[in-house]
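Results of the structural survey
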Amino acid sequence: MKMVIDTDAGVDDAQAIMLALTHPDVDVLAITTLTGNVHIRQVNPNVLTILEIMNRDVPVYAGIDRPLIQPWEDAAEFHGGDGLGDFRDRPPVTRSIADEHAVPVLLRLSREYMGELTLIALGPLTNLAAAIRLDPEFPARIKQFVFMGGTIAAHGNTPNLTAEYNIYTDPEAAFITLAAFEDATMLSWETTLAHGFTWDKFNALCAIDTVNGRFFDKISGKTAQRLQHTYSRPAYLLPDPLAMAVTLEPALIRQSNKFFVTVELNGQHTRGQTVIDYNHMSGHASNVNVIQALDTDGVHAMFVKALSQS
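Residues numbered from 1 in each chain as written. Predicted model: local features only at pLDDT ≥ 70, side-chain atom pairs only at ≥ 80, totals over all residues. Heavy atoms only, no water.

**Considerations on the overall build of the protein**
Scanning the protein for helices and strands turns up 12 helices and 11 strands. In summary, the protein has a C-alpha radius of gyration of 18 Å against a globular reference of 19 Å for 310 residues, a match within 12%. Taken along its principal axes, the extent of the C-alpha atoms in the protein is 55 × 45 × 40 Å. Looking at the protein as a whole, 61% of its 310 residues qualify as buried. Long-range contacts, defined as pairs at least 24 residues apart, comprise 82% of the intrachain contacts of the protein with a sequence gap of at least 6. About 12,500 Å² of surface is accessible on the protein, with carbon and sulfur atoms providing 50% of the total. Taken as two groups, the 22 positive and 36 negative side-chain charges of the protein have centres that lie 3 Å from each other. (Helix = DSSP H or I, 4+ residues; strand = E, 2+ residues; numbered from the N terminus. Rg over C-alpha atoms; globule rule 2.2 N^0.38 Å. Buried < 20%, exposed > 50% of the residue type's maximum accessible area, 1.4 Å probe, protein only. Contact = heavy atoms within 4.5 Å. Areas by Shrake-Rupley, 256 points an atom, 1.4 Å probe, with all protein chains shown as cover. Lys, Arg positive; Asp, Glu negative; His and termini not counted. Charge placed at Lys NZ, Arg CZ, Asp CG, Glu CD.)

As structure tokens, this is what we get:
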């Protein structure tokens, strides 16, 4: 699998990237960055830190530093001020950001690997929307497009109560992207809520005494504490890792259906909500494979392998 990862490099992004970089059948050709969970000024060093700790060399390209239209709101409450759970043990970084901008890189790679690329978006869809506006044929050159974002039952996690953070952060970009791709795969916030790791399974991962395991433990602690003690969640949540896992191992998907999906741009309380045509009444062709259930034990097994490698 030839993969490009578009990321805003929060804690769960880092965990997802770890799954990709340790998978034997994946060649990560590039990581593109943008503002989302934290500003791109912090996203870029976060990605370089992940590569440094895992001793992997992947080109990293900086992308767009703000949503297309609306003001940006960070998610530091969950990801820490640095986006990596206030990770204090950063090694000196010997890698650097490439000179080329992320958006033309997406277009270039889509041409060089026409019909071969798996593109996974772990943050807002700003870079992708810009690529589409520059070259409307871009989506047709992508083999597979997967994104973590949106809601399937209006159970959001933002001030617009029905919207999920990645889509809420840049609704116009999401609208443009979903309108352009004829066949996307969506891992929603509600699917995240239904498929977390029980605390004993999460703690077992944190106890893996390797470079990867210790990194996972240190970046995950602040989020885990907030989920467990502030929100009384029965499980550790894995938004981006679930999207990455089903991309790497599609057999993990237990239930999915394809529907027409778009994004609400104007609602006073619903701006940023993903609108799903469950009853096929809109007359629009189905464009998104909506994942509704997956094998959480299988995802946990992937993490055990990933964290045990170093």
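**Some remarks on the nonpolar core**
Membership of the largest hydrophobic core comes to 62 residues, with the highest contact counts inside it found for Ile5, Ile31, Met244 and Phe303. Not counting the four nearest positions on each side in its chain, Ile31 is found in contact with Ile5, Thr7, Ile17, Val47, Leu51, Val58, Pro59, Val60 and Tyr61. By size, the runner-up hydrophobic cluster in this structure holds 39 residues, among which are Leu109, Leu125, Ala174 and Ala184. (Core = buried A, V, L, I, M, F, W, Y, C linked by side-chain atoms within 4.5 Å.)

**Focus on unusual backbone geometry**
Of note in this structure, Ala154 is not a glycine but carries a positive phi near 60°. Considering the arrangement of structural elements, one finds Ala154 in the loop between β5 (142–148) and α6 (165–169). Exposure remark for Ala154: the relative accessible area of 33% places this residue in the partly exposed category.

**Description of the environment of Ala204**
With respect to the secondary-structure elements, Ala204 resides in helix α9 (residues 199–206). Given the relative accessible area of 41%, Ala204 is considered partly exposed. Between the C-alpha atoms of Ala204 and His101, which are 103 residues apart in sequence, the distance is 39 Å.

**With respect to the environment of Thr198**
Of note, Thr198 is situated in strand β7 (residues 197–198). Distance in space between the C-alpha atoms of Thr198 and Thr296 is 9.9 Å, their sequence separation being 98 residues. Not counting residues within four places of it along the chain, the set of residues in contact with Thr198 comprises Pro234 and Ala235. Side chain to side chain, Thr198 and Asp200 meet in a polar contact 2.4 Å long. (Polar contact = N/O pair within 3.5 Å; in protein donor to acceptor, adjacent residues only side chain to side chain.)

**Comments concerning the pattern of salt bridges**
Within the structure shown, the criterion is met by 16 salt bridges. In this structure, Asp82 and Arg90 form a salt bridge, with 3.0 Å as the shortest nitrogen-oxygen distance. A relative accessible area of 11% means that Asp82 is categorised as buried. Residue Arg90 is classed as partly exposed on the basis of its relative accessible area of 27%. The shortest N-O distance in the salt bridge between Arg271 and Glu172 comes to 2.9 Å. Separated by 99 residues along the polypeptide, Arg271 in the loop between β9 (253–263) and β10 (274–277) and Glu172 in helix α7 (residues 171–180) bring together distant segments of the chain. (Salt bridge = Lys/Arg side-chain N within 4 Å of Asp/Glu carboxyl O.)

**Here's the deal with the packing of aromatic side chains**
Enumeration according to the criterion identifies 11 aromatic pairs in this entry. Seen in terms of ring centroids, Phe202 and Tyr236 are 4.2 Å apart; in terms of plane orientation they differ by 20°. Their pairing is stacked. Of this pair, Phe202 sits in helix α9 while Tyr236 sits in strand β8 (residues 235–236), placing them 34 residues apart in sequence. Taken as a pair, Phe202 and Tyr236 share a single burial class, namely buried. (Phe/Tyr/Trp six-rings, centres within 6.5 Å; stacked < 30°, edge-to-face > 60°.)

**Section: the sheet that holds β9**
Sheet architecture is open: 9 strands sit in the order β3-β2-β1-β4-β5-β6-β11-β9-β10, paired in mixed fashion. Looking at which strands have only one partner, the edges of the open sheet turn out to be β3 (60–62) and β10. Neighbour-to-neighbour, the strand axes of the sheet open up by a mean angle of 30°, direction not taken into account. Inspection of the sheet shows strand β4 (residues 117–121) paired to β5 by 5 bridges, in the parallel sense. Paired with Thr118 across the two strands is Gln144, which belongs to β5. Against the sheet, α7 engages β5, β9 and β11 (288–294), with an angle of about 110° to β9. (Pairing = 2+ DSSP bridges. Axes fitted to C-alpha atoms, helices over the stretch in contact; angles between N-to-C directions.)

**Examining the side chain of Asn44**
Structurally, the position occupied by Asn44 is in helix α2 (residues 40–54). A relative accessible area of 13% places Asn44 in the buried class. For Asn44, the residues in contact, after removing those within four places along its chain, are Thr33, Ala62 and Ile97.

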